[in-house]
Amino acid sequence: MDHPLGCQYSRAGRPGETMWFLIVNTRKKGCPAYIAGKTWGGIYRAEGSKM
């Protein structure tokens, strides 16, 4: 998945979850470390910490 700022994300997560984690070599200022989609019990915020 591509972020509007140009960062790219890879899908990962436990069964039943949808998480998108930042591909480190595409990191740019302002891109979140991860983006949470469907998660178990809302243990993640919608977006991870900004870089």
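All of these numbers come straight from a predicted model, not from anything done at the bench.

1. Here we look at the side chain of Thr26
No. 1: On the secondary structure map, Thr26 appears in the loop between strand S2 (19-22) and strand S3 (34-36).
No. 2: Among the residues examined, Thr26 registers a relative accessible area of 14% and is labelled buried.
No. 3: At 2.9 Å, the side chain of Thr26 forms a polar contact with the backbone nitrogen of Gln8.
No. 4: Dropping the residues within four chain positions of it, Thr26 is found in contact with Gly6, Cys7 and Gln8.

2. What to know about the sheet that holds S3
No. 1: The sheet built from three strands is open, its strands ordered S1-S2-S3 with antiparallel pairing. The open sheet terminates on both sides in strands that have one partner only, identified here as strand S1 (9-12) and S3. Strand after strand, the sheet turns through a mean of 25° between neighbouring axes, direction not considered.
No. 2: Across four bridges, S1 lies against S2 in antiparallel orientation.

3. Regarding the packing of aromatic side chains
No. 1: Going through the model one piece at a time under the given rule, you end up with one aromatic pair.
No. 2: Measuring from centroid to centroid gives 6.1 Å for Phe21 and Tyr34, while their planes differ by 45°, and the two rings are tilted. Taken as a pair, Phe21 in strand S2 and Tyr34 in strand S3 lie far apart in primary sequence, 13 residues in all.

4. Observations regarding the pairing of S2
Regular strands place their side chains on alternate faces of the sheet.
No. 1: The turn joining S1 and S2, which pair antiparallel and follow one another in sequence, is formed by six residues; a positive phi near 135° is taken by Gly13.
No. 2: Relative to S3, S2 runs antiparallel, the two being bridged by three bridges. Among the inter-strand pairings, Phe21 is bridged to a residue of S3, identified as Tyr34.

What counts as what
- All residue numbers refer to position in the chain's written sequence, counted from 1.
- Local features in a predicted model are, by the rule used here, given only for residues with pLDDT of at least 70; side-chain atom pairs are given and counted only at 80 or more, and totals for whole chains, interfaces and linings are based on all residues.
- Heavy atoms from the whole structure form the basis of all side-chain values; hydrogens and water molecules are not counted.
- By the criteria applied, helices consist of DSSP H or I runs no shorter than four residues and strands consist of E runs no shorter than two, each listed in order from the N terminus.
- Only protein chains enter the area calculation, which uses a 1.4 Å probe; residues under 20% of their type maximum are buried, those over 50% are exposed, and those in between are partly exposed.
- Counted as a polar contact is a pair of N or O atoms within 3.5 Å, where, for protein atoms, one must be capable of donating a hydrogen and the other of accepting one, and residues adjacent in sequence contribute only when both atoms are in side chains.
- Any two residues whose heavy atoms approach within 4.5 Å at even a single point are treated as in contact.
- Only strands that DSSP links by at least two bridges are regarded as paired with each other.
- Only the stretch in contact is used when fitting a helix axis, every axis being a line fitted to C-alpha atoms; angles between N-to-C directions are given from 0 to 180 degrees.
- Only Phe, Tyr and Trp rings take part, Trp by its six-membered ring, and two of them pair if their centres are within 6.5 Å. Stacked means planes under 30 degrees apart, edge-to-face means over 60, and tilted covers everything else.

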